[in-house]
Amino acid sequence: NLQNQNHILEQMAQAIFKSWFVDFDGVTEFEDSELGNIPKGWSVEKLHDVCTLIQNGGTPKRTESTFWNNGTVNWYKTGELRDNFLLDSKEKITESGLKNSSAYLLPENTILFAIYAFPVVGRMGILTKQGCSNQAASGLIPKKEIGTYFLFLSLMFSRDFLGRIATGAAQQNISKAILQNHLIILPHLNLISKFNKKIEAIFEQIKNIQIQTNTLIKTRDALLPKL
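Just so it is clear, the model here is predicted, and its values are computed rather than measured. (Residues numbered from 1 in each chain as written. Predicted model: local features only at pLDDT ≥ 70, side-chain atom pairs only at ≥ 80, totals over all residues. Heavy atoms only, no water.)

Novice: Quick question: what am I supposed to make of helix 6 (residues 189–226) here?
Specialist: In an α-helix, one full turn covers 3.6 residues, which means residues spaced three or four apart are oriented alike. Between the first and last C-alpha of helix 6 there are 55 Å, a value that for 38 residues agrees with the 56 Å anticipated at 1.5 Å per step. Its axis deflected by about 35° at isoleucine 199, helix 6 carries its strongest bend there. Contact partners of the buried residues in helix 6: helix 1 (2–21), strand 6 (84–86), helix 3 (148–156) and strand 12 (183–186). (Helix = DSSP H or I, 4+ residues; strand = E, 2+ residues; numbered from the N terminus. Expected span 1.5 Å × (residues − 1). Bend = angle between axes of the 7 residues up to and from the residue. Contact = heavy atoms within 4.5 Å.)

Rendered as structure tokens:
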């Protein structure tokens, strides 16, 4: 039931974004752009211009036990990215592993974006606490005025395009450079602010339901062996 609720909430968030920023409902004046007709006064920007940081992850040496044993730093693999909130990673690395690898510690509300291996490429996750990832993902920190949820949904509606780039590549990946130069439609900042305020409550509900679901799963997994 909780998963069904989340599915409905996710569809609501996507429908609102699509109405405002894909279908341009209510807009009467348009102008030409690199991405076709867009509302007058809006712009087309590269991803690196709407982020304060785009950073690939890394993997500490598996043969070095001090990088992994009793780790406390969340370290995510792309298989854990399911367009969801990232609550806790399956594997953790130590502070030593973080310092001695190309893994990069990212703050809460960073978007992790899978860049390797079709069809995983394009899947995302939102950090609920600081963490890092392997080299198959890029971390994107949006500028404050852009916001995590606007950027998250912008990338979701760009996924098919980025997927086509990946399938055309030799190894079905996209690079950090391709991601940085990816174009998105950017409305007026006051409209983004209005959207983020409207959508924030929906995403908070999604996160809370995901936390409840994970708690129930852990309880089930703990009880079943005893039964």
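Following the structure, the description resumes.
Novice: Even after reading the chapter, I still don't get the pattern of salt bridges, so can you show me in this structure?
Specialist: A side chain with one charge may pair with a side chain of the opposite charge, provided their charged atoms come close. Counted by the stated rule, this structure contains eight salt bridges. In this structure, the salt-bridge partner of aspartate 23 is lysine 18, at a minimum N-O distance of 2.8 Å. Aspartate 23 sits in the partly exposed class, given a relative accessible area of 38%. We classify lysine 18 as partly exposed; its relative accessible area is 35%. Of the charged contacts, one joins arginine 220 and aspartate 221 as a salt bridge, the two residues approaching to 3.1 Å between their closest N and O atoms. Taking relative accessible area as the criterion, aspartate 221 reaches 43% and is therefore assigned partly exposed. Each member of the salt-bridge network shares a partner with another, and the members are Arg62, Lys77 and Glu91. (Salt bridge = Lys/Arg side-chain N within 4 Å of Asp/Glu carboxyl O. Buried < 20%, exposed > 50% of the residue type's maximum accessible area, 1.4 Å probe, protein only.)

Novice: Can you help me understand the packing of helix 1 against helix 3 in this one?
Specialist: How two helices sit against one another is set out by the angle between their axes and by the gap between those axes. Interaxial distance between helix 1 and helix 3 falls to 11 Å at its minimum, and their mutual angle equals 80°. Overall, the two elements helix 1 and helix 3 adopt an arrangement that is roughly perpendicular. Two secondary-structure elements touch here, helix 1 through Ala13, Gln14, Phe17 and Phe21 and helix 3 through Phe150, Leu153, Ser154 and Met156. Per-class residue counts for the contact of helix 1 with helix 3 are six nonpolar, two polar and no charged. (Axes fitted to C-alpha atoms, helices over the stretch in contact; angles between N-to-C directions. Parallel < 35°, antiparallel > 145°, perpendicular 65-115°, else oblique. Nonpolar A, V, L, I, M, F, W, Y, C, P; charged D, E, K, R; others polar.)

Novice: Help me out: how do you make sense of the environment of asparagine 84 in this one?
Specialist: Along the chain, asparagine 84 falls in strand 6. Residues asparagine 84 and isoleucine 38 lie 46 residues apart in sequence; the distance between their C-alpha atoms is 29 Å. Excluding its chain neighbours within four sequence positions, the residues that come into contact with asparagine 84 are Met124, Gly125, Ile126 and Gln210.

Novice: I would appreciate a short explanation of the sheet that holds strand 7 (residues 91–93) in the present structure.
Specialist: What holds strands together in a sheet is hydrogen bonding between their backbones, with the strands either parallel or antiparallel. One open sheet holds the three strands; their spatial order is 7-5-10, and the pairing between them is mixed. Of all strands in the sheet, those bounded by a partner on one side alone are strand 7 and strand 10 (132–133). Relative to strand 7, strand 5 (residues 73–76) runs antiparallel, the two being bridged by three bridges. In the strand pairing of strand 7, asparagine 74 is matched with lysine 92. (Pairing = 2+ DSSP bridges.)

Novice: In this structure, what is going on with the sheet that holds strand 8 (residues 111–114)? I would like to understand it.
Specialist: The strand order 4-11-8-9-6 describes an open sheet built from five strands, whose pairing is mixed. With one partner strand each, in any of the chains shown, strand 4 (51–56) and strand 6 form the two edges of the open sheet. Between one strand axis and the next, the sheet turns through 30° on average, direction left out of account. As defined by bridge partners, strand 6 adjoins strand 9 (residues 124–127) across three bridges and the pair is classed as parallel. Looking at strand 9, one finds that phenylalanine 85 is bridged to isoleucine 126. Running at roughly 170° to strand 9, helix 3 makes contact with strand 4, strand 6, strand 8, strand 9 and strand 11 (137–142) of the sheet.

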